[in-house]
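# Examination of the molecular architecture
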Amino acid sequence: SAEFKKGTIELIDGKIFKDIPLRYNIFNDNFEVANKGEAFGLEKNKRFLEFNMDDRIFRYESYQMSAKKTLSGYLERLTEGEFTLYCKYNVSFSEAKKAAAYKEAVPATFKRLGPDYLLQYRSGNIYRINSLKDILKVFPEAETLVKEYSPKGKIRLRKKEDFVKLVEFLNK
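Parameters and conventions
Residues numbered from 1 in each chain as written. Predicted model: local features only at pLDDT ≥ 70, side-chain atom pairs only at ≥ 80, totals over all residues. Heavy atoms only, no water. Helix = DSSP H or I, 4+ residues; strand = E, 2+ residues; numbered from the N terminus. Buried < 20%, exposed > 50% of the residue type's maximum accessible area, 1.4 Å probe, protein only. Contact = heavy atoms within 4.5 Å. Areas by Shrake-Rupley, 256 points an atom, 1.4 Å probe, with all protein chains shown as cover. Lys, Arg positive; Asp, Glu negative; His and termini not counted. Charge placed at Lys NZ, Arg CZ, Asp CG, Glu CD. Phe/Tyr/Trp six-rings, centres within 6.5 Å; stacked < 30°, edge-to-face > 60°. Polar contact = N/O pair within 3.5 Å; in protein donor to acceptor, adjacent residues only side chain to side chain. Salt bridge = Lys/Arg side-chain N within 4 Å of Asp/Glu carboxyl O. Core = buried A, V, L, I, M, F, W, Y, C linked by side-chain atoms within 4.5 Å.

### Considerations on the overall build of the protein
Scanning the protein from terminus to terminus reveals 3 helices and 10 strands. When the helices and strands of the protein are listed from N to C terminus, the series reads β-β-β-β-β-β-β-β-β-β-α-α-α. With respect to the principal axes defined by its C-alpha atoms, the protein has extents near 55 × 55 × 30 Å. Relative to its full complement of 172 residues, the protein shows a buried share of 37%. Taking the intrachain contacts of the protein between residues at least 6 apart in sequence as the baseline, contacts between residues at least 24 apart amount to 41%. Of the roughly 11300 Å² of accessible surface on the protein, a fraction of 49% belongs to carbon and sulfur atoms. Distance between charge centres in the protein, computed from 33 positive and 25 negative side chains, equals 6 Å.

Shown next as structure tokens:
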């Protein structure tokens, strides 16, 4: 978002800074603060425990995108309990294109991409999930609950609400 909103920053040592003008820059995957009309990007590190804006909580975490690919970045916590659900927002950037024969110039643009949903069991690793099969593969201890939620395994997880509903069921 281009707008700054009053938020809270909590540091790992317990210090809390309130009413800080914050915004999340999805493209750079960092938080920015406003000071005297200028935006300053905050360094990505574990010293910042949480950022809270509009009751949306973000944490800097490492997560498994696949068996061989581990990334780190800011994740929004959607629901928590034994299982914690996170969302990673994504955006792509297209360079500007100059005018050419029969084509007008095209300005540079950002395009919002679909988010990634990630799941953590207790305090363990965080894994990207796309389906019930993914959950069973990385969290075999959830098999009984997943089968109770979807006896035929035919639930489609497409929207944020679908993921939240499933994880809230797992946390019963």
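### Some thoughts on the packing of aromatic side chains
Per the stated rule, a full pass over the model turns up 18 aromatic pairs. When the ring of phenylalanine 27 is compared with that of phenylalanine 93, the centres are 5.8 Å apart and the planes differ by 55°; the resulting orientation is tilted. With phenylalanine 27 in the loop between strand E2 (16–25) and strand E3 (30–35) and phenylalanine 93 in strand E8 (residues 83–94), the pair connects residues that are 66 residues apart, well separated along the chain.

### Comments concerning the environment of asparagine 45
Along the chain, the position of asparagine 45 falls in the loop between strand E4 (38–41) and strand E5 (48–53). Relative accessible area serves as the criterion here: at 18%, asparagine 45 is assigned to the buried category. Residues asparagine 45 and aspartate 13, 32 residues apart in the sequence, show an inter-C-alpha distance of 13 Å. At 2.7 Å, the side chain of asparagine 45 and the backbone nitrogen of arginine 47 are in polar contact.

### Here's the deal with the environment of phenylalanine 93
Exposure remark for phenylalanine 93: the relative accessible area of 34% places this residue in the partly exposed category. When the C-alpha positions of phenylalanine 93 and glutamate 148 are compared, they lie 42 Å apart, and in sequence the two are 55 residues distant. Those residues in contact with phenylalanine 93 that lie beyond four places of it in its chain are Phe27, Ala108, Thr109 and Phe110.

### What about the pattern of salt bridges?
Side chains that carry opposite charge are capable of pairing whenever their charged atoms lie near each other. As enumerated under the stated definition, the model contains 12 salt bridges in all. Among the salt bridges present, the one from aspartate 13 reaches lysine 15, with a minimum N-O distance of 3.8 Å. Across the salt bridge formed by glutamate 143 and lysine 147, the nearest N and O atoms sit 2.7 Å from each other. Of the two residues, glutamate 143 and lysine 147 are both situated in helix H2 (residues 143–149); the distance of 4 residues between them amounts to about one turn of the helix. It is possible to trace a salt-bridge network through shared partners that takes in Glu50, Arg59, Glu61, Arg77 and Glu80.

### Description of the side chain of arginine 23
With respect to the element layout, arginine 23 can be found in strand E2. In this structure the side chain of arginine 23 is engaged in a polar contact, spanning 2.5 Å, whose partner is the side chain of glutamate 32.

### So, the nonpolar core
Ranked by internal contacts, the top residues of the largest apolar core, which has 35 residues, are Ile9, Phe31, Phe51, Phe83, Leu119 and Ile135. Here this core takes 6 residues from helix H3 (residues 160–170), the largest share from any one element. Non-local contacts of leucine 119, meaning those with residues more than four positions away in its chain, are made with Phe83, Thr84, Leu85, Asn125, Ile126, Tyr127, Ile129, Ile135, Phe139 and Val167. Tyr63, Leu75, Tyr86 and Ile126 belong to the second largest nonpolar core, which has 6 residues in total.

### Structural notes on unusual backbone geometry
A positive phi angle, close to 55°, is found at lysine 36, a residue other than glycine. When you line up the elements, lysine 36 lands in the loop between E3 and E4. With a phi close to 50°, aspartate 54 is a non-glycine residue in the positive phi region. Structurally, the position occupied by aspartate 54 is in the loop between E5 and strand E6 (56–66). Taking the relative accessible area as the measure of exposure, aspartate 54 reaches 49% and is therefore partly exposed.

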